[in-house]
Amino acid sequence: MPKGLICKAISGFYYVESGGRTYACRAKGAFRNQHIKPLVGDWALFTPEGEGGRVEEILPRKNSFIRPPVANIDQFFFVVSACSPAPNLFVLDKLISIAEYKGVEPVIVLTKLDMEEADRIAAIYQRAGFPVLRVDYRSGGWRAPLERCLQGKVSAFCGNSGVGKSTLINHLGFTPEIETGEISDKLGRGRHTTRQVELYPLPFGGYLADTPGFSDVQLHRQEQILKDQLPYTFREMVPYLDDCQFTGCSHTCEKGCAVLAAVAAGEIPPSRHESYCALYEAVKDIAPWELEGGKKS
């Protein structure tokens, strides 16, 4: 039985790429009873039937996401505009936390630099230990670093609506032209112009995904992270976690907290720690059994 990559999913059809061809497949009926939903990015075994076929088995995933609905992602490119819409660092930090929890490398991409500088944002995330790429269409220097990051990996572009994801992909020129939208003056965000997730093969190896825009993520509804796991999703905090004076430190307000000392010393960006504290408040009362949707014994 051949193996292929699900590169697109539309209206119950899963487009499986295998051996230089793409097959429009249906999923076998047993998936529904097994509560299995194929995702873009899944590797699958399938039975080809002419130009179509049937997906028979989803191979083990290294990760999967609810929103955007993708699997087996190597890295997320979080696209952040310098303005219009104004950057929301708390939303960005929530998304980075989820990526870190799932073992996906976050890459920060700054856009609309022709309208406003983004040095402050770049400094925050470089200090925190993330790759930061600047996209300025007035020069060609932005392209090579981005292509080097994309090479040989499965990458997804994510970010608030209107930040320029589709515009950036169009400038790269590796995909069909994607519709772009305008920013709503009333809401301060763009229209959702991308309607489905799709993987595009890259000429230098790897795949690129464009994903539906989104403006907010409820952490406890998307990817629930226990309070004991949350500190490990803030990579700049990790070196200090074992140095706190008291065990069970929440790293939010305690005396003798090594994380708070690092924030005060400028080793951890204050905005990142503020995001951590807000997320901690959101998840501190979630019990492990709740993650499984079960009942407390």
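To be clear, the structure that these remarks concern was listed above.
I will try to describe carefully the structure that is included in this document. Nothing here was measured: the structure is a model prediction, and the numbers come from that model.

We now examine empty space enclosed by the protein. Rolled over the atoms, a probe with the dimensions of a water molecule shows which regions are left empty. Under the criterion given, the structure shown has 2 cavities of 30 Å³ or more. For the largest cavity, the calculated volume is near 120 Å³. Forming the boundary of the largest cavity are 16 residues, of which Val79, Val80, Asn88, Leu92 and Asn160 lie nearest the centre. Looking at the lining of the largest cavity, the elements that each hand over two or more residues are strand E6 (75-81) and helix H2 (89-101). Classifying every residue of the lining of the largest cavity gives 12 nonpolar, 4 polar and no charged.

Evaluation of the coordinates by the stated rule reveals 14 salt bridges. One salt bridge connects Arg127 with Glu267, and the closest N-O pair in it is separated by 3.8 Å. Of the two residues, Arg127 is situated in helix H3 (residues 119-127) and Glu267 in the loop between helix H7 (258-264) and helix H8 (270-283); the sequence distance between them amounts to 140 residues. Judged by its relative accessible area of 47%, Arg127 is partly exposed. Put simply, Glu236 and Arg272 hold a salt bridge, and the shortest N to O gap is 2.6 Å. Note that Glu236 is positioned in the loop between helix H6 (219-222) and H7 and Arg272 in helix H8, a separation of 36 residues in sequence. When sorted by exposure, Glu236 lands in the same class as Arg272, which is buried. What emerges from the salt-bridge pattern is a single network uniting Asp93, Glu236 and Arg272.

The next subject is H3. Side chains that are three or four residues apart share a direction in an α-helix, a result of its 3.6 residues per turn. Turning to H3, its buried residues are Ile121, Ala122, Ile124 and Tyr125. End-on view of H3: buried residues confined to an arc of 160 degrees, all on one side of the axis. Here the buried face of H3 lies against H2, strand E7 (105-111), strand E8 (132-134) and H8. Once H3 ends, the next one or two residues include Gly129, with phi positive near 100 degrees.

Rules used throughout
- Residue numbers run consecutively from 1 along every chain, following the written order of its sequence.
- For a predicted model such as this one, the threshold for reporting local features is a pLDDT of at least 70, and the threshold for listing and counting side-chain atom pairs is 80 or more; totals across whole chains, interfaces and linings nevertheless cover every residue.
- Water and hydrogen atoms play no part in the side-chain values, which are based on all heavy atoms of the structure.
- Points on a 1 Å grid, built from protein atoms alone, make a cavity when a 1.4 Å probe fits but cannot get out and make a pocket when they are open with protein on both sides within 12 Å along at least 5 of 7 lines; residues with an atom within 4 Å of a point are the lining residues.
- Grid points are joined across faces, edges and corners, and a volume is the space filled by probe spheres set on the points.
- Numbering of helices and strands runs from the N terminus, with a helix taken as a DSSP run of H or I at least four residues long and a strand as a DSSP run of E at least two residues long.
- Gly falls in the polar group here, along with every residue not listed as nonpolar (Ala, Val, Leu, Ile, Met, Phe, Trp, Tyr, Cys, Pro) or charged (Asp, Glu, Lys, Arg).
- Whenever Lys or Arg places a side-chain nitrogen within 4 Å of a carboxyl oxygen from Asp or Glu, that contact is recorded as a salt bridge.
- Burial status follows relative accessibility: with a 1.4 Å probe on protein chains alone, a residue under 20% of its type maximum counts as buried, one over 50% as exposed, and anything between as partly exposed.
- Working note: the arc is built from the helix axis to C-beta atom directions.
- Whether two residues touch is decided by their heavy atoms; if any such pair falls within 4.5 Å, the residues are in contact.

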